[in-house]
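Below are the chains, spelled out letter by letter.
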Amino acid sequence: MADDLPFWKTVPLAEMTPEQWESLCDGCGKCCLHKLQDDDNEDGTPGELHKTNVACRLLDLNSCKCSKYPKRWDFVPDCVQLFPQFIPKAYWLPSTCAYRLIHEGKDLEWWHPLVSGDTDSIHKARMSLRGRAISERKVGMLEYHIVDWPDL
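Read on for an overview of the structure.

The rules behind the values
By convention here, each chain's residues receive numbers from 1 onward along its written sequence. For a predicted model such as this one, the threshold for reporting local features is a pLDDT of at least 70, and the threshold for listing and counting side-chain atom pairs is 80 or more; totals across whole chains, interfaces and linings nevertheless cover every residue. Remark: hydrogens and water are excluded; side-chain values derive from all non-hydrogen atoms of the structure. Helix numbering and strand numbering both begin at the N terminus, where a helix is a DSSP run of H or I of at least 4 residues and a strand a DSSP run of E of at least 2. Taken over C-alpha atoms, the radius of gyration is set against a globule rule of 2.2 Å times the number of residues to the power 0.38. Relative accessibility decides the category of a residue: with a 1.4 Å probe and only protein chains considered, values under 20% of the type maximum give buried, values over 50% give exposed, and everything between is partly exposed. Whether two residues touch is decided by their heavy atoms; if any such pair falls within 4.5 Å, the residues are in contact. Method for areas: the Shrake-Rupley scheme with a 1.4 Å probe, in which residue coverage is limited to the protein chains shown. Asp and Glu count as negative and Lys and Arg as positive, but His and the ends of the chain are not part of the count. Here the site of a charge means NZ on Lys, CZ on Arg, CG on Asp, or CD on Glu. Counted as a polar contact is a pair of N or O atoms within 3.5 Å, where, for protein atoms, one must be capable of donating a hydrogen and the other of accepting one, and residues adjacent in sequence contribute only when both atoms are in side chains. In this text, buried Ala, Val, Leu, Ile, Met, Phe, Trp, Tyr and Cys residues form a nonpolar core when linked through side-chain atoms within 4.5 Å. To count toward a patch, a residue needs a relative accessible area above 30% and no salt bridge. Like charges then connect within 9 Å, nonpolar side chains (Val, Leu, Ile, Met, Phe, Trp, Tyr) within 5 Å. The salt bridge criterion pairs a side-chain nitrogen of Lys or Arg with a carboxyl oxygen of Asp or Glu, the two atoms within 4 Å.

## A look at the overall build of the protein
- Within the protein one finds six helices and five strands.
- Order of helices (α) and strands (β) in the protein, N terminus to C terminus: α-α-β-β-β-β-α-α-α-α-β.
- Relative to its length of 152 residues, the protein is compact, with a C-alpha radius of gyration of 16 Å against a globular reference of 15 Å.
- The dimensions of the protein, computed from C-alpha atoms along their principal axes, are 55 × 40 × 30 Å.
- The buried share among the 152 residues of the protein stands at 39%.
- Considering only residue pairs separated by 6 or more positions, the protein has 55% of its internal contacts joining residues 24 or more positions apart.
- Of the roughly 9500 Å² of accessible surface on the protein, 52% is carried by carbon and sulfur atoms.
- Counting 18 positive and 24 negative side-chain charges, the protein places the centres of these two groups 7 Å from one another.

## Describing the side chain of E136
- Locating E136 in the fold gives a position in the segment after β5 (134-135).
- In terms of polar contacts, E136 uses its side chain to reach the side chain of R57, at 2.7 Å.
- Setting aside its immediate chain neighbours within four residues, E136 contacts H34, V54, A55, C56 and R57.

## Topic: the nonpolar core
- W8, M16, W21, L24, L82, L93 and Y99 are the most contacted members of the largest nonpolar core, which has 17 residues in total.
- Elements with a minimum of two residues in this core: α1 (7-10) and α4 (98-103).
- The leading source of residues in this core is α4, at three residues.
- Ignoring sequence-local partners within four residues, the contact set of L24 consists of F7, W8, L13, M16, A98, Y99, I102, H112 and L114.

## Section: the environment of Y144
- Tracing the sequence through the fold places Y144 in the segment after β5.
- Note: C-alpha distance between Y144 and V54 (90 residues apart in sequence) is 10.0 Å.

## Things to note about a negative patch on the surface
- On the surface, D38, D39, D40, E42, D43 and E48 cluster together to form a negatively charged patch.
- According to the relative accessible area criterion, D40 is exposed, its value standing at 53%.

## So, the side chain of H50
- Mapped onto the elements of the fold, H50 is located in strand β2 (residues 49-55).
- At 3.2 Å, the side chain of H50 forms a polar contact with the side chain of D38.
- Discounting chain neighbours no more than four positions away, the residues touching H50 are H34, K35, L36, D38 and I146.

Below, the structure written as structure tokens:
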């Protein structure tokens, strides 16, 4: 019975192969959006997080994929790399993120390419940044670009 289930339902995040791990990325581009965070609260908890519609300069706004993925740290040294132990602390990940969903014991969305079999399904479902984000190269102050999208 378990052989009939897709790997993301049977393999823990920490035990996935690099290929399985990478295939979980749905290509939405949302993790590449700039975020602003208020100072930590008095009790030490993180301050409020404000998400923007401003994407990293390396994000191709049509494909919603990093244009320099293998060498992204050469261009963006603070680019965040996701790994299993980091997911519980990555509270800023979009609510639709496959890594977050699996960590929370939820299933992938119908439009995820691993479920649909179609790499464009995320765009067709309007769950990617295609047509919604702008490059950091074209903006001034991030404060003017704060968004409150339900899929973030």
